[in-house]
Amino acid sequence: MVGALIAALIQSCISSIDRTTATPAALDPNCRMVRHALGVTCVPTQPQRVITLSVPSLGNALALGVTPVASIIYSDNPPEYLAQHLDSIQILGNQEQPSLEKIASLKPDLIIGLKYSIQPIYSQLTRIAPTVADHWTGYSSWRRHFDFVTIVLGRTDLAQQVWRRYYQRIESLKATLQKSGHYPEVSFAHTCCGTIDVDVVNSFNGSIMADVGIRRPTLQAVPVDGGLVRLSRERLMDIDGDVLFVAANGPEAAQTITKLKHNPLWQELRAVQSGHVYPVHYPTWRGGNPLAADAVIDDLFTYLTNPESPS
């Protein structure tokens with residue numbers, strides 16, 4: 001039954017690819033016409049020098065067996081799942097609009113990015129190489145973006161392998177939790193730019209926990225646009241759970257968490273009282289690609305199947 005479920009989920013993902021793939025260009029056997037957020041582009045059938053202009057696009061390409069020649073990253077402290085690949089990738093900085101001159105000097109044959117960040121420079125990029133842009137509505141759209149990159153790179157067979165591994169790991173975690181009889185309510189909160197945020201059920205990490213069947217606090221158990229809810233300090237109890245994962249996007253955000261720990265409401269949280277508060281890596285838990293998903297599942301195995309792990 002588990003095998004049938006995995007097969008059905010994989011087929012659903014691949015079906016979405018089939019419905020959106022453009023037909024090959026009739027006059028050029030070396031490229032395929034692909035429809036995207038900013039038009040229709042003839043992309044190479046076998047691109048050799050790919051540049052990715054978003055971290056989700058980078059992670060997706062790597063998961064599909066394609067190592068870009070260059071990419072942007074969002075942090076000077078990249079997550080481990082990316083760091084092991086970066087020795088062979090030229091880093092274009094951590095801004096979403098890198099130098100056009102630097103991109104041109106790398107002589108790419110394909111550029112992949114997200115509409116909201118590359119639209120202002122799209123016309124310049126298309127003079128350098130075929131450029132495609134995907135709609136991005138927040139990390140709740142991570143699966144659809146993976147399907148998009150699969151179309152662009154023509155890697156449908158490898159995509160099936162990626163989804164098969166993902167759902168096998170989900171089922172393994174489910175079975176381990178069932179065997180242990182440990183079903184905690186799990187909360188995830190993170191800080192960035194002075195705000196306290198929670199990722200809900202349709203976020204990147206929220207969708208992974210939903211696949212496992214993990215219980216979430218009431219506020220985090222319903223979908224919202226963008227998959228994220230911002231909280232005031234007065235609503236700190238909304239991050240309550242049996243287990244609390246916390247992440248900070250940089251040193252300033254880490255100070256916000258330190259200040260929260262002096263809030264009297266912090267001491268009222270069940271996870272704090274039981275010693276089940278676990279720091280996790282922000283760029284990983286908000287990574288938006290299958291490699292990051294694998295790392296999130298690793299954390300869930302570590303902290304949920306071994307509840308005595310130190311906080």
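The text that follows walks through the structure, step by step, so that each part is easy to find. Bear in mind that the values here come from a model prediction, so they are computed numbers and not experimental data. (Residues numbered from 1 in each chain as written. Predicted model: local features only at pLDDT ≥ 70, side-chain atom pairs only at ≥ 80, totals over all residues. Heavy atoms only, no water.)

1. Details of the sheet that holds strand S10 (residues 228–231)
Phase 1 of the analysis: Strand order across the open sheet formed by five strands is S10-S9-S8-S11-S12, with mixed pairing between neighbours. The sheet terminates laterally at S10 and strand S12 (277–279), the two strands that pair on one side only. Strand-to-strand twist of the sheet, defined as the mean angle between neighbouring strand axes without regard to direction, takes the value 30°.
Phase 2 of the analysis: Where strand S9 (residues 195–199) and S10 come together, four bridges link them in antiparallel fashion. Bridging across to S10, Asp199 finds its partner in Leu228.
Phase 3 of the analysis: Contacts between helix H13 (residues 290–304) and the sheet are confined to strand S8 (186–192), strand S11 (243–248) and S12, with S11 contributing the most and set at about 135° to the helix. (Pairing = 2+ DSSP bridges. Helix = DSSP H or I, 4+ residues; strand = E, 2+ residues; numbered from the N terminus. Axes fitted to C-alpha atoms, helices over the stretch in contact; angles between N-to-C directions. Contact = heavy atoms within 4.5 Å.)

2. Looking at the packing of aromatic side chains
Phase 1 of the analysis: Per the stated rule, a full pass over the model turns up 13 aromatic pairs.
Phase 2 of the analysis: Between Trp163 and Tyr166, the aromatic rings sit 5.9 Å apart at their centres with planes inclined by 85°, giving edge-to-face as the arrangement. Taken together, the residues span about one helical turn, with Trp163 and Tyr166 both in helix H8 (residues 156–180) at a distance of three residues. The exposure classification of Trp163 matches that of Tyr166, with both residues buried.
Phase 3 of the analysis: In this structure an aromatic cluster arises from ring pairing among Trp142, Phe146, Trp163, Tyr166, Tyr167 and Phe204. (Phe/Tyr/Trp six-rings, centres within 6.5 Å; stacked < 30°, edge-to-face > 60°. Buried < 20%, exposed > 50% of the residue type's maximum accessible area, 1.4 Å probe, protein only.)

3. Considerations on the environment of Asn306
Phase 1 of the analysis: Here Asn306 is to be found in the segment after H13.
Phase 2 of the analysis: You can call Asn306 partly exposed: its relative accessible area is 40%.
Phase 3 of the analysis: A sequence separation of 126 residues divides Asn306 from Ser180, and the C-alpha atoms of the two residues are 9.3 Å apart.

4. Some points on the nonpolar core
Phase 1 of the analysis: Counting 59 residues, the largest nonpolar core has Ile112, Leu153, Tyr166, Ile208, Phe245 and Leu300 as its most contacted members.
Phase 2 of the analysis: Among all residues touching Ile208, those that are not within four sequence positions of it are Trp142, Arg143, Tyr166, Ile170, Ala293, Val296, Ile297 and Leu300.
Phase 3 of the analysis: Formed by 16 residues, the second largest nonpolar core is a distinct cluster that contains Ala189, Ile239, Leu269 and Val277. (Core = buried A, V, L, I, M, F, W, Y, C linked by side-chain atoms within 4.5 Å.)

5. Brief notes about helix H9 (residues 204–212)
Phase 1 of the analysis: Of all nine residues in H9, seven are buried, a share of seventy percent or more.
Phase 2 of the analysis: All of the buried residues along H9 are Phe204, Asn205, Gly206, Ser207, Ile208, Met209 and Val212.
Phase 3 of the analysis: Considering only its buried residues, H9 is in contact with helix H7 (142–153), H8, S8, S9, helix H12 (282–285) and H13.
Phase 4 of the analysis: Positive backbone phi, approximately 90°, marks Gly213, located one or two places after H9.

6. Some words on unusual backbone geometry
Phase 1 of the analysis: Positive phi values are uncommon outside glycine, yet Lys107 reaches one of about 50°.
Phase 2 of the analysis: Residue classification places Lys107 among the exposed residues on the basis of a relative accessible area of 63%.

7. Comments concerning the state of the cysteines
Phase 1 of the analysis: In the structure shown here, the tally under the stated rule is one disulfide.
Phase 2 of the analysis: Two residues share a disulfide in this structure: Cys31 and Cys42, whose sulfurs sit 1.6 Å from each other. The sign of the 75° torsion about the S-S bond sets the Cys31-Cys42 disulfide as right-handed. One end of the pair, Cys31, is in strand S1 (residues 31–36); the other, Cys42, is in strand S2 (residues 39–44), with 11 residues separating them in the sequence.
Phase 3 of the analysis: Take Cys31: its relative accessible area is 7%, and that puts it in the buried class.
Phase 4 of the analysis: Cys42 gets classed as partly exposed once you look at its relative accessible area, which sits at 24%. (Disulfide = S-S within 2.5 Å.)

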